[in-house]
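# Structural features, examined
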Amino acid sequence: MKNILSDILLSAAKKAFDKQKLTSSDFPAFGIEEPKLSTHGDFSTNFAMVMASLQKMPPRKIAEIITGEIEIAGSIIDKIEIAGPGFINFFVSPCSWHSVLYKIYEKDENFGSSNIGKNIKVQVEFVSANPTGPLHVGHGRGAAVGDSMANILSFCGYDVQREYYINDSGRQINTLGRSVFLRYRELYEEKVGFPQDCYQGDYIRDIALKIKNEKQSDLLDVPEEKAVIFCARFAAADILAGIKNDLELFGVKFDNWYSEQFLFDSGKVNSAIEAFKNKNIIYEKDGAFWFKTSEYGDEKDRVTIRNNGLTTYFASDIAYHMDKFNRGFERIIDVWGADHHGYIQRICASIEASGRKKDQFHVILIQLVNLLRNGEPVAMSTRSGEFITLEDVVKEVGADAARFIFLTRHYESHLDFDLELAKKKSNENPVYYVQYVHARISSIIRKADELGIKEIKWDDKNISVLQEGEEIQILKILSAYPEVVRSSAELLEPHRITYYLMNLAASFHSYYNKHRILSDNPIITINRLFLVLAIKKVIKNGLKLLGVSAPEIM
RNA sequence: GCGCCUGUAGCUCAGCUGGAUAGAGCAACGGACUUCUAAUCCGUAGGUCACAGGUUCGAAUCCUGUCAGGCGCGCCA
């Protein structure tokens, strides 16, 4: 609809220029939007206003010239008005909205999809929690955002891969091994000191017990160093299996699990660092090797290899991101916790230094989740190991509710997640509000079937009986769906889909309460059924992008 | 001290990258179930868009400064 109007405007402007009514044929970018007030028409453009300075004419005058060149007869336009400082308002004929229903029917689950991605290979990396403990609620938010983002991009024609990066090397894994080994020894000895910097959670004891079951006391007889390494590997594998399981319960599946250890074993870290050394981007100072990140906008240079010979986390991340591009991805999207924001600059630096463009790399920063119960904060302490895991949350409130709530906010703002509210089956809980639309419509369609309406067909001749204000309103909202999906993909903002669905749901519930779908007029009935069927399809379609189910019965 | 993010109704948040009279939900108050699912709907009330300047036809949105909150500033991960 907007494209049609845009073409009409441009050709009218061209005509006006040819007739020398306008002084410039240079038409800057303009906007077409849906005004908040219905008295301002169905669509409105600032065309005349943005042209004012170029044309050296007052906006209202330009608007008059352009609208004078538009032929209304035979078009979708009913009426054009010039208003305010120079807005051109279009009133579209009500009948022109109905065609969206056929489009939805025809495209079905692909309604709203596009090819703006042009099949470009994109990788979305998310969660990537260290395999040193179970996933918590914050990881859940990252998982919901990352997974939904991947769905949306894929729907918009990108070739998407979901990847989980496993930090399975380095000191923390060693700490994990030590922690487990100490708990293991506790199973045999009376007093074993357990330092503060070890992992405190009870899951460490569980893992120690598993090792005992498998190895009995064997580990007490081998050198401690070897025992710790065994415990580390065992524990990491065990925890990772748990993480995979949790994610599966949450409805998230990765295409690829990428190991940091593999980066070292395959020599990728080494060769990346060597390559940068040769280009003098990595230099030696005070016995350490520094990356010249400051030349790419970072505050200072960063160490890649410490003077004790050990690499930093940054070193493997340089190699990791190089490798992503080498695997053929043209766009890289990383989903991180907001506390890592200071890290963006240096990864950008390494990407630019390896000859890639800055805009091929995006970081989505996820803000904290405050876990509440009836409005009261739930005590969470990683140190003591007492915390509510993602698994706990999913088991308590369900994956649908959790995912939807994680996507009800822009990821840059803090999110209050109330466990009790997430379970409530009422208006306060947006998940059910949206799902209920799907269930209600399903129920209506079942009822219609019982009444003998076996097939809901497109009725080209009579579709225009849908003339109620609520009906036209819904048609407008349905028409906007493809655009919402597109902007959600372009801006990397899944919450736009969530808001759209809540809005569509509200319009439907309101309509449902005011008008009967199954009326005593068969023509109205069949066309209303066609309308609600379209709503049902779009609700299901949108929920799918969020990774939320669309139940037939509630 | 430096950098990044946030500041919108009592609460939680949207605001389509600068548009017309700033919107939802919750909470408050008043209504609607013999009718397709009340997990719903209708109505009322609620605002100095943190504050002060600036940019222009036009600012919640862009720029500068101030204030408040969060986070980050290691040869840690």
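Worth saying up front: this structure is predicted, and the values here are computed from it rather than measured. (Residues numbered from 1 in each chain as written. Chains lettered and ligands numbered in written order. Predicted model: local features only at pLDDT ≥ 70, side-chain atom pairs only at ≥ 80, totals over all residues. Heavy atoms only, no water.)

Here the focus is the sheet that holds strand β9 (residues 288–291). Across the sheet, three strands lie side by side as β8-β9-β10; this open sheet has antiparallel pairing. Edge strands, defined here as strands with exactly one partner in the open sheet, are β8 (282–285) and β10 (302–305). On average, each strand axis in the sheet is tilted by 45 degrees relative to the strand beside it, whichever way the strands run. Examined bridge by bridge, β8 and β9 share four bridges and lie antiparallel to one another. (Pairing = 2+ DSSP bridges. Helix = DSSP H or I, 4+ residues; strand = E, 2+ residues; numbered from the N terminus. Axes fitted to C-alpha atoms, helices over the stretch in contact; angles between N-to-C directions.)

The biggest cluster of nonpolar side chains holds 141 residues, and the ones touching the most others in it are L101, L153, Y164, F250, F417, L478 and I535. Among the elements that line this core, the one with the most residues is helix α19 (residues 522–546), at twelve residues. Counting residues domain by domain, this core receives three or more from each of domain 1 (2–92) and domain 2 (428–546). Once residues lying within four places of it in the same chain are set aside, the contact partners of Y164 are F126, V127, S128, A129, L135, L240, I243, L247, F254, N256, W257 and Y258. (Core = buried A, V, L, I, M, F, W, Y, C linked by side-chain atoms within 4.5 Å. Buried < 20%, exposed > 50% of the residue type's maximum accessible area, 1.4 Å probe, protein only. Domains from an automatic or database assignment. Contact = heavy atoms within 4.5 Å.)

For strand β5 (residues 121–125), the tally of buried residues reaches four of five residues, placing the bulk of the element in the interior. The pairing of β5 with strand β6 (residues 159–166) spans five bridges and is parallel. Note on β6: the bridge partner recorded for Q123 is Q161. Note on the crossover from β5 through helix α5 (residues 137–155) to β6: the handedness is right-handed. Pairing of β5 with strand β11 (residues 331–337) involves four bridges; the strand directions are parallel. Counterpart to V122 in the pairing with β11 is R331. (Right-handed = clockwise from strand over helix to strand, strands pointing away.)

Below, the discussion takes up the protein's contact with RNA strand B. The environment of RNA strand B is formed by 64 residues, the closest being S44, R306, Y433, Y436 and R440. In RNA strand B, atoms within 4 Å of the protein come 63% from sugar and phosphate. One nitrogen or oxygen atom from the main chain of I517 is found 3.0 Å from a base nitrogen belonging to RNA strand B. Among the secondary structure elements, those contributing two or more residues to the surface near RNA strand B are β4 (87–92), α6 (171–186), β9, α16 (430–450) and α18 (495–514). (Near = heavy atom within 4 Å. Polar contact = N/O pair within 3.5 Å; in protein donor to acceptor, adjacent residues only side chain to side chain.)

Right, let's get into helix α11 (residues 313–326). Taking 1.5 Å per residue, 14 residues should reach 20 Å; α11 reaches 20 Å between its end C-alpha atoms and fits that length. Count one or two residues on from α11 and you reach G328, which has phi positive near 100 degrees. (Expected span 1.5 Å × (residues − 1).)

At a closest axis distance of 10 Å, the pairing of helix α4 (residues 99–107) and α19 adopts a crossing angle of 55 degrees. Accordingly, the angle class assigned to the pair α4 and α19 is oblique. For the crossing formed where α4 meets α19, the hand is left-handed. Residues L101, Y102, I104 and Y105 of α4 pack against F530, L531, A534, K537 and V538 of α19. A class-by-class count of the residues in the contact of α4 with α19 yields eight nonpolar, no polar and one charged. (Parallel < 35°, antiparallel > 145°, perpendicular 65-115°, else oblique. Left-handed = near helix turned anticlockwise from the far one by under 90°. Nonpolar A, V, L, I, M, F, W, Y, C, P; charged D, E, K, R; others polar.)

Moving on: the environment of Q435. Mapped onto the elements, Q435 comes out in helix α16. Judged by relative accessible area, Q435 falls into the buried class, the value being 3%. Sequence-wise, Q435 and D400 are 35 residues apart; in three dimensions their C-alpha atoms are separated by 9.7 Å. If near-sequence neighbours (up to four positions away) are discounted, Q435 is found in contact with D400, L543, V548, S549, P551 and M554.

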